[in-house]
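Structural overview
Each chain is listed here by its residues.
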Amino acid sequence: MEIENQSTRITSFVLSGFSNNLPVNLFLFFVFFFIYVLTLLANIMIMIVTSHLPSPMYFFLAHLAFLDICLSSVTVPKLLEIFNKRQTISYSACFVQMFFILLMGSSETCILTAMAYDRFAAICKPLHYLQIMNKSFCRWLVGGALALAFSYASMNTFPALKLDFCEKYFIRHFSCEFTSLLALSCTDTVSNLTLLLITSGIIAISSFTVILFSYIRIISTILKLKSLEAKRKTFSTCSAHFIVVALYYITGCFRYMRPSSASSIIVDGLFSIQYSIFTPMLNPLIYSLKNREVKEAMKKLISKAFVSLFHIN
């Protein structure tokens, strides 16, 4: 490490979120490599499948799959390097990773919110669904989500660049997450943490309000249906989204919104792994298992692939 005596500027950090036990690291390397490959394949499959499905819901699902690929790619490749004893990350690369973690995480929150509104429009206003969720409005929602996420990531990343880190360069985590990085600073971080709390709170509370309102109306509409079969089919159209939202919000909000006094390195690491590595893998699996149209489209795509392969051979 190159550390200047006067300015105490650090040129790199060491990610020390895992043990140096070689057998354990070798096992974890293959586990997370398998998860990463599965995440890429499953989400690419979702993106291909949804491109053939006309409903606006699948437009948002395709963007969610893309964000899952990006979120996983921000953290997992470096995590695999850590298991190969390449734990050092440069100062600039660390902040770039932090920016994209904030960007992708908040983008997913906004897209999940848009998907909740989409389900509300489909179930509660079926006759006007295609008029409400027209292509122009869907693009506007996705564009607005990305713009809001970019502003959120920028507002928290750029002020953090002004912090000094003195001789503390061991990040007790597997990635350069905002709170883990700020914990190393030898300058006052109250303003940074306050800004994070305010901006995260605005996005989380506003998103949760829209999702809660949507599902209250959805459940109310479902309960008014007389047929049990109609209730089952209607609920199945939004059950996958509900599960994904629950997984993402419970882990993500617990990681970022709780007080620092309740912080735990092991717990932080487990929750970070859940929402940044496991959730991107689980999302396409949940949608493919819970959504009949996605399952049928996947079967057709796989059968076509086998037929094409058979003809080539």
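As the structure is a prediction and not an experimental result, all values here were calculated from the model. (Residues numbered from 1 in each chain as written. Predicted model: local features only at pLDDT ≥ 70, side-chain atom pairs only at ≥ 80, totals over all residues. Heavy atoms only, no water.)

1. Overview of helix H3 (residues 91-124)
Worth spelling out the cut-off: Helix and strand assignments come from DSSP, with helices taken as H or I runs of at least 4 residues and strands as E runs of at least 2, each series counted from the N terminus. One less than the residue count of a helix, multiplied by 1.5 Å, gives the span that helix is expected to have. Each residue gets one of three labels from its accessible area relative to the maximum for its type: buried under 20%, exposed over 50%, partly exposed in between, using a 1.4 Å probe on protein chains only.
With 34 residues, H3 extends 50 Å between its outermost C-alpha atoms, agreeing within 8% with the 50 Å of an ideal straight helix rising 1.5 Å per residue. Here H3 lies mainly inside the structure; 29 of its 34 residues are buried.

2. Some words on a nonpolar patch on the surface
Convention followed: Residues qualify for a patch when their relative accessible area is over 30% and they have no salt bridge, like charges being joined within 9 Å and the nonpolar side chains of Val, Leu, Ile, Met, Phe, Trp and Tyr within 5 Å. Here the accessible surface of atoms and residues is derived via Shrake-Rupley with a 1.4 Å probe, and residues count as covered only by protein chains that are part of the display. In what follows, salt bridge is the name for a side-chain nitrogen of Lys or Arg lying within 4 Å of a carboxyl oxygen of Asp or Glu.
On the surface, a nonpolar cluster with roughly 260 Å² of combined accessible area is contributed by Phe-33, Val-37 and Leu-41. Tracing the backbone shows Leu-41 in helix H1 (residues 22-50).

3. Remarks on the confidence of the model for the protein
Segments scoring low in pLDDT should not have their predicted coordinates read at a detailed level. Using the following cut-off: pLDDT is defined as a per-residue confidence score from the predictor, taking values between 0 and 100. The contact rule is simple, with two residues in contact once any of their heavy atoms fall within 4.5 Å.
Mean pLDDT over the protein works out to 82, with 86% of the residues at or above the 70 mark. In the model of the protein, helix H10 (residues 292-312) stands out as the element of lowest mean pLDDT, 70, in contrast to helix H5 (residues 135-160), which has the highest, 94. Low pLDDT, under 50, characterises residues 1-7; the predicted model gives this stretch 15 contacts beyond four residues in sequence or across chains.

4. Focus on the packing of helix H2 (residues 56-83) against H3
For clarity, the threshold we go by: Note on geometry: axes are C-alpha line fits, over the in-contact stretch for helices, and angles between N-to-C directions span 0 to 180 degrees. Angles are sorted into four bins: roughly parallel if under 35 degrees, roughly antiparallel if over 145, roughly perpendicular if 65 to 115, and oblique for all others. When the near helix sits turned anticlockwise from the far one by under a right angle, the crossing is termed left-handed; a clockwise turn instead gives a right-handed crossing. Each residue gets one label: Ala, Val, Leu, Ile, Met, Phe, Trp, Tyr, Cys and Pro are nonpolar, Asp, Glu, Lys and Arg are charged, and the others, such as Gly, are polar.
In contact at an axis separation of 9 Å, H2 and H3 are set at 160° when each is read in the N-to-C sense. Put simply, H2 runs roughly antiparallel to H3. Crossing hand, H2 versus H3: left-handed. When its residues are assigned to classes, the contact of H2 with H3 shows 16 nonpolar, 4 polar and 5 charged.

5. Description of the packing of aromatic side chains
Put simply, the test is: Under the pairing criterion, centres of Phe, Tyr and Trp rings, with the six-membered ring standing for Trp, must be within 6.5 Å; the plane angle then separates stacked pairs below 30 degrees from edge-to-face pairs above 60, leaving the rest tilted.
Applying the stated criterion across every chain, the model contains 15 aromatic pairs. When the centroid spacing of 5.5 Å and the interplanar angle of 85° are considered together, the rings of Phe-29 and Phe-30 count as edge-to-face. Arranged with centres 5.7 Å apart and planes meeting at 55°, the rings of Phe-120 and Phe-213 form a pair that is tilted. Highlighted residues: Phe-120 in helix H3 and Phe-213 in helix H7 (residues 190-224), separated in sequence by 93 residues. For Phe-120, a relative accessible area of 6% gives the class buried. Residue classification places Phe-213 among the partly exposed residues on the basis of a relative accessible area of 44%. Taken together, the ring pairs in this structure connect Tyr-117, Phe-120, Phe-137, Trp-140 and Phe-213 into an aromatic cluster.

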